[in-house]
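Coordinate analysis (summary)
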Amino acid sequence: MEVAQLLQHETGTTDPRILRSRRMLMDSLERLLKTKEFDDISIQDIADDATLNRATFYLHYPDKNALLQAMTGVRFRHLIERRAITFTDCHGALRAIALGVCDYFVETTSCPAQFARMSLEGSIIPVVEDMFKEGLDLHGIAPSADASLRATTGAWAVFGAARLWFQTPNRIPAEEMAARIETMVSPVLFGASES
């Protein structure tokens, strides 16, 4: 899937001007992160690098954290697409998401040092949580506090297990870890009777 298609999924729009501006802002943040700490990057820096004005930034994102989260979402979905993983059912989607988180750890921490030092919790967990909420809605679990709690718990469980996997010397293959995560997290998301 092309980056433009991933952006369409994230934004819910096909307007080429919106997609172009968002892509430019994401590319700018990524470039700036190679030379500056995230906390030292201003919205003006991002807008200037993107050759857009500051007001355009605020049309798309409320702050730079929202931009980082959107950029993470696109990168994360791209990792899943690169593996040609399809979401044929809810359990397959859970494994694909777990594999994507493992891939994200490997790819992000092998990037420049700035990416390796960034707090991944704040950027990846909300993306995974949203994916789980979408999946639970499709699975027939009505939106409720319980579905939100399941999605949040599942996202943190996948993230924590993938981080532990990544930090383990001589770790097992990512595909094997994703299968283990799926086994552990399925009861949380879908209920013990469906695992």
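Residues numbered from 1 in each chain as written. Predicted model: local features only at pLDDT ≥ 70, side-chain atom pairs only at ≥ 80, totals over all residues. Heavy atoms only, no water.

Across its full length, the protein holds ten helices and zero strands. Overall, the protein shows an N-to-C arrangement of helices and strands of α-α-α-α-α-α-α-α-α-α. Counting all 195 residues of the protein, 44% fall into the buried class. Taking all contacts inside the protein whose residues are at least 6 apart in sequence as the whole, residues at least 24 apart take part in 65%. Just so you have it, the protein exposes about 9800 Å², and 54% of that area is on carbon and sulfur atoms. (Helix = DSSP H or I, 4+ residues; strand = E, 2+ residues; numbered from the N terminus. Buried < 20%, exposed > 50% of the residue type's maximum accessible area, 1.4 Å probe, protein only. Contact = heavy atoms within 4.5 Å. Areas by Shrake-Rupley, 256 points an atom, 1.4 Å probe, with all protein chains shown as cover.)

So, on to the packing of aromatic side chains. For the coordinates displayed, the defined rule picks out five aromatic pairs. Arranged with centres 5.9 Å apart and planes meeting at 20°, the rings of F105 and F166 form a pair that is stacked. With F105 in helix α6 (residues 90-109) and F166 in helix α9 (residues 145-167), the pair connects residues that are 61 residues apart, well separated along the chain. What makes F166 partly exposed here is its relative accessible area of 22%. Considering the side-chain rings of W156 and F159, the 6.4 Å spacing of their centres and the 75° angle between planes classify their relative orientation as edge-to-face. Of this pair, W156 and F159 both sit in helix α9, three residues apart, roughly one helical turn. You can call W156 partly exposed: its relative accessible area is 46%. Accessibility expressed as a relative area gives 2% for F159, which makes it buried. Following the ring pairs from residue to residue traces out a cluster consisting of F105, W156, F159 and F166. (Phe/Tyr/Trp six-rings, centres within 6.5 Å; stacked < 30°, edge-to-face > 60°.)

Between its terminal C-alpha atoms helix α10 (residues 174-190) stretches 23 Å, which fits the 24 Å expected from 17 residues at 1.5 Å a residue. Of all the bends in α10, the largest measures some 35° and sits at M184, one to four residues before the proline P187. Every buried residue belonging to α10 is among A174, M177, A178, I181, E182, V185, S186, L189 and F190, and all of these are buried. Residue G191 follows α10 closely and has a positive phi angle near 95°. (Expected span 1.5 Å × (residues − 1). Bend = angle between axes of the 7 residues up to and from the residue.)

We now examine the pattern of salt bridges. This model, assessed by the stated rule, comprises eight salt bridges. Between E129 and K133 there is a salt bridge, with its nearest N and O atoms 3.7 Å apart. In this pair, E129 and K133 are both assigned in helix α8 (residues 120-139), four residues apart and thus about one turn of the helix distant. Owing to a relative accessible area of 16%, E129 belongs among the buried residues under this scheme. Classification of K133 by relative accessible area gives partly exposed; the value is 35%. (Salt bridge = Lys/Arg side-chain N within 4 Å of Asp/Glu carboxyl O.)

Let's shift gears to the nonpolar core. Membership of the largest hydrophobic core comes to 33 residues, with the highest contact counts inside it found for F76, V128, F132, V158 and I181. Discounting chain neighbours no more than four positions away, the residues touching V128 are F76, I97, V101 and A155. In this structure, L32, F38, I41 and L52 belong to the second largest nonpolar core, which totals 19 residues. (Core = buried A, V, L, I, M, F, W, Y, C linked by side-chain atoms within 4.5 Å.)

An α-helix turns once every 3.6 residues. As a result, residues three or four positions apart point the same way. Counted at 1.5 Å a residue, the expected span for helix α2 (residues 16-33) with its 18 residues is 26 Å, and the 26 Å between its end C-alpha atoms agrees. Turning to α2, its buried residues number three or more, namely L19, S21, R22, M24, L25, M26, S28, L29, L32 and L33.

Attention now moves to the packing of α2 against helix α5 (residues 64-82). The interhelical angle for the contact between α2 and α5, taken along N-to-C directions, is 100°, at an axis separation of 10 Å. The angle between α2 and α5 falls in the class roughly perpendicular. Contacts between α2 and α5 involve R23, L25, M26, L29, E30 and L33 from the former and L67, L68, A70, M71 and V74 from the latter. Split into classes, the residues belonging to the contact of α2 with α5 amount to nine nonpolar, no polar and two charged. (Axes fitted to C-alpha atoms, helices over the stretch in contact; angles between N-to-C directions. Parallel < 35°, antiparallel > 145°, perpendicular 65-115°, else oblique. Nonpolar A, V, L, I, M, F, W, Y, C, P; charged D, E, K, R; others polar.)

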